[in-house]
Amino acid sequence: MSGHGTPIPMSSRCVGPLKGQADVPGDKSISHRSILFGAMAVGETTVTGLLEGDDVLDTAKAMRAFGADVARGDDGVWSIHGVGVGGFAEPDQVIDCGNSGTGVRLIMGAMATTPIAATFTGDASLNKRPMGRVTDPLALFGAQAYGRSQGRLPLTIVGAKAPVPVVYRTPMPSAQVKSAVMLAGLNCPGQTVVIEAEATRDHTERMLQGFGADVMVEDTPEGRAITLTGEPELKPQTIIVPRDPSSAAFPVCAALIVEGSDVLVPNIGLNPTRAGLFYTLQDMGADLTFENMREEGGEPVADLRARYSPNLKGIDVPPERAASMIDEYPILSVVAANAEGITKMHGVKELRVKESDRIDAMAVGLRAAGVTVDEGEDWWHVHGTGGAVTGGCVAESHLDHRIAMSFLILGMAAKNGMAVDDGSPIATSFPIFEGLMGALGAHITRDNR
Ligand code: S3P
């Protein structure tokens, strides 16, 4: 599969324990929102610790095309001079969001209630993903979408001239859909309400409140109801991006399955809408501790300490935890393959519409590596080998960063190592992955095949 330029075949193998400190990059979800909300504020927003991965850089480029001034200072601090709510200019070029579902869906929402048109595209992975989940609610505001079949990219949104606020119940647990609706509501008179049956990551709610918007969150019998009052003036912010728990997952899980390892991953946000993996690992018997628990910027933060855990047990992962660990199932399946017994993951059909069909991508690669995997439309079971994964094969990454990294971590504990056909997508979310894992003692190579 192509889409990121030249594929980079990579492999990993077991060379001994992983030890030391892993300083993972900034949170991807918060980085996208920092740029986007900064672009909708009036004045200068500064962002420290931004994830400088391809996904976020594509969002920065997009915001420039909509008229905001987005620049990186020599000190690594980003500055965004926003155009204000409703102030987007019509882009004179197609907006290419690369690999990023978050980027394209949030930007479509943000421009849909401004009377401009914009055409969006992405790479081969993004152009396969469903966009009707966003364009359907945007149509209720009065925006029109013209795309390919099943609402896929490339597509053009013509923003509403006289937008009306909506009450919308999200049909699937999705922070991207929730956020797109809220962002559309910003440039609408009156109150926009989003109701989600299951709580998904709440960065949009928290950050818009920080930018001065009136956002009210209530638990109701139907679920979490979020009420946003339209037409606020967003005030520029000074943002420090916390480190990404979804990136921390990789060195943490590697340490649990590589014999003799002891790794510290400092300053990781434990926002309850994001931290499900860490509790699941503890339930499996992982030697994973939260040190120096504290609160920063209103969020729980801790240093994660992960040590080799030879007695991991398969568990039934509670389906109600799925939204809080939705990006972590691929790496969880790697830990499950090394545990004793079966790990059962249910209520996870959203995994089929991520950067790849993540159940299928992991199942195929794990089976080739000697692991038994059963699957259905919204569930999968991984049969643990008790630390005896054979490996020794090439897994396809399907343009999906988390699939590529998961198989490279698997290779660090597998008897014959593992390879991936293309590690280039790793740059979308974790550009320092190879160096960081190498500094802990891992052996990852770029191969000429
Ligand atoms: C994200 C929401 C999730 C997640 C993605 C980031 C966000 O997607 O998988 O990596 O920043 O809002 P869905 O909204 O599709 O669940």
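Residues numbered from 1 in each chain as written. Predicted model: local features only at pLDDT ≥ 70, side-chain atom pairs only at ≥ 80, totals over all residues. Heavy atoms only, no water.

A. Molecular detail of the site of the ligand. The immediate surroundings of the ligand are formed by S29, R33, T102, P173, S174, A175, Q176, R201, I326, D327 and K354. Contact between the ligand and Q176: an oxygen atom at 2.8 Å from a main-chain N or O atom of the residue. For the ligand, whose accessible area on its own is 390 Å², the fraction buried by protein is 95%. Listed by contribution, the elements that provide at least two residues to the shell around the ligand are α1 (28-39) and α5 (175-186). (Near = heavy atom within 4 Å. Polar contact = N/O pair within 3.5 Å; in protein donor to acceptor, adjacent residues only side chain to side chain. Areas by Shrake-Rupley, 256 points an atom, 1.4 Å probe, with all protein chains shown as cover. Helix = DSSP H or I, 4+ residues; strand = E, 2+ residues; numbered from the N terminus.)

B. The arrangement of the packing of aromatic side chains in detail. Under the counting rule described, the total for this entry stands at five aromatic pairs. For the ring pair F66 and F88, a centre distance of 5.0 Å and an interplane angle of 45° mean the geometry is tilted. With a gap of 22 residues between them, F66 in the loop between α2 (54-65) and β4 (69-72) and F88 in the loop between β5 (78-83) and β6 (95-96) connect regions that are remote in the sequence. Judged by its relative accessible area of 0%, F66 falls in the buried class. Note on F88: relative accessible area 6%, which makes it buried. A centroid spacing of 5.6 Å and a plane angle of 80° characterise the contact between Y279 and F290, whose relative ring orientation is edge-to-face. Of this pair, Y279 sits in helix α8 (residues 276-283) while F290 sits in strand β16 (residues 287-296), and the two are eleven residues apart along the sequence. (Phe/Tyr/Trp six-rings, centres within 6.5 Å; stacked < 30°, edge-to-face > 60°. Buried < 20%, exposed > 50% of the residue type's maximum accessible area, 1.4 Å probe, protein only.)

C. Molecular detail of the pairing of strand β3 (residues 42-48). Looking at chain direction, β3 and β5 are connected through six bridges and run antiparallel. Within β5, the position partnered with G43 by the bridge is G82. Inspection of the sheet shows β3 paired to strand β14 (residues 238-240) by three bridges, in the parallel sense. Across the sheet, residue T48 finds its bridge partner in β14, namely I240. (Pairing = 2+ DSSP bridges.)

D. View of the environment of D58. Here D58 lies in helix α2. We classify D58 as buried; its relative accessible area is 16%. Setting aside residues no more than four positions away along its own chain, D58 makes contact with D96, C97 and G98. (Contact = heavy atoms within 4.5 Å.)

E. Expanded view of α5. Between its terminal C-alpha atoms α5 stretches 16 Å, which fits the 16 Å expected from twelve residues at 1.5 Å a residue. In terms of burial, α5 is largely enclosed, as twelve of its twelve residues are buried. Restricting attention to buried positions, one finds in α5 the residues A175, Q176, V177, K178, S179, A180, V181, M182, L183, A184, G185 and L186. (Expected span 1.5 Å × (residues − 1).)

F. Spotlight on the domain arrangement of the protein chain. Assigned domains within the protein chain: domain 1 (10-26 + 242-446) and domain 2 (28-239). Listed by partner, the interface residues are 23 residues for domain 1 and 26 residues for domain 2. Of the roughly 2,000 Å² buried between domain 1 and domain 2 on both sides combined, carbon and sulfur atoms contribute 48%. Remark: the boundary between domain 1 and domain 2 carries three salt bridges. Note that D327 and R201 form a salt bridge whose closest N and O atoms lie 3.3 Å from each other. Remark: the boundary between domain 1 and domain 2 carries 13 residue pairs in polar contact (both at pLDDT 80 or more). Split into classes, the residues belonging to the side of domain 1 that touches domain 2 amount to eight nonpolar, seven polar and eight charged. (Domains from an automatic or database assignment. Buried area = accessible area lost by both parts, 1.4 Å probe. Salt bridge = Lys/Arg side-chain N within 4 Å of Asp/Glu carboxyl O. Nonpolar A, V, L, I, M, F, W, Y, C, P; charged D, E, K, R; others polar.)

G. Structural detail: helix α4 (residues 132-141). Extensive coverage of α4 is indicated by the burial of seven of its ten residues. Inspection of α4 places G132, R133, V134, T135, P137, L138 and F141 among the buried residues, and these make up the whole buried set. Against α3 (101-111), β8 (144-146), β9 (155-158), β10 (167-169), α5 and β11 (191-196) lie the buried residues of α4. Following α4 by one or two positions, G142 adopts a phi angle in the positive range, close to 110°.

H. Region of interest: the side chain of T428. Residue placement: T428 occurs in the loop between β23 (418-420) and α12 (433-440). The exposure class assigned to T428 is buried, which follows from its relative accessible area of 0%. A polar contact of 2.8 Å, which involves the side chain of T428, links it to the backbone oxygen of P425.

I. Quick peek at the sheet that holds β14. As summarised here, the arrangement of the four strands in space is β4-β5-β3-β14, forming an open sheet in which the pairing is mixed. Edge strands, defined here as strands with exactly one partner in the open sheet, are β4 and β14. Strand-to-strand twist across the sheet, computed as the mean angle between neighbouring axes with direction ignored, equals 15°. As judged from the four bridges shared by β4 and β5, these two strands associate in the antiparallel manner. What sits directly across from A71, in β5, is S79. Sitting on the sheet, α1 touches β3, β4, β5 and β14, and the angle it makes with β5 is about 40°. (Axes fitted to C-alpha atoms, helices over the stretch in contact; angles between N-to-C directions.)

J. Inspection of the pattern of salt bridges at higher detail. With the rule as written, the count across this model stands at 31 salt bridges. Taking the shortest distance from any N to any O, the salt bridge between R305 and D262 comes out at 2.8 Å. With a gap of 43 residues between them, R305 in strand β17 (residues 299-307) and D262 in strand β15 (residues 262-269) connect regions that are remote in the sequence. On the basis of relative accessible area, R305 is assigned to the partly exposed category, the value being 24%. The partly exposed category is assigned to D262, whose relative accessible area is 21%.

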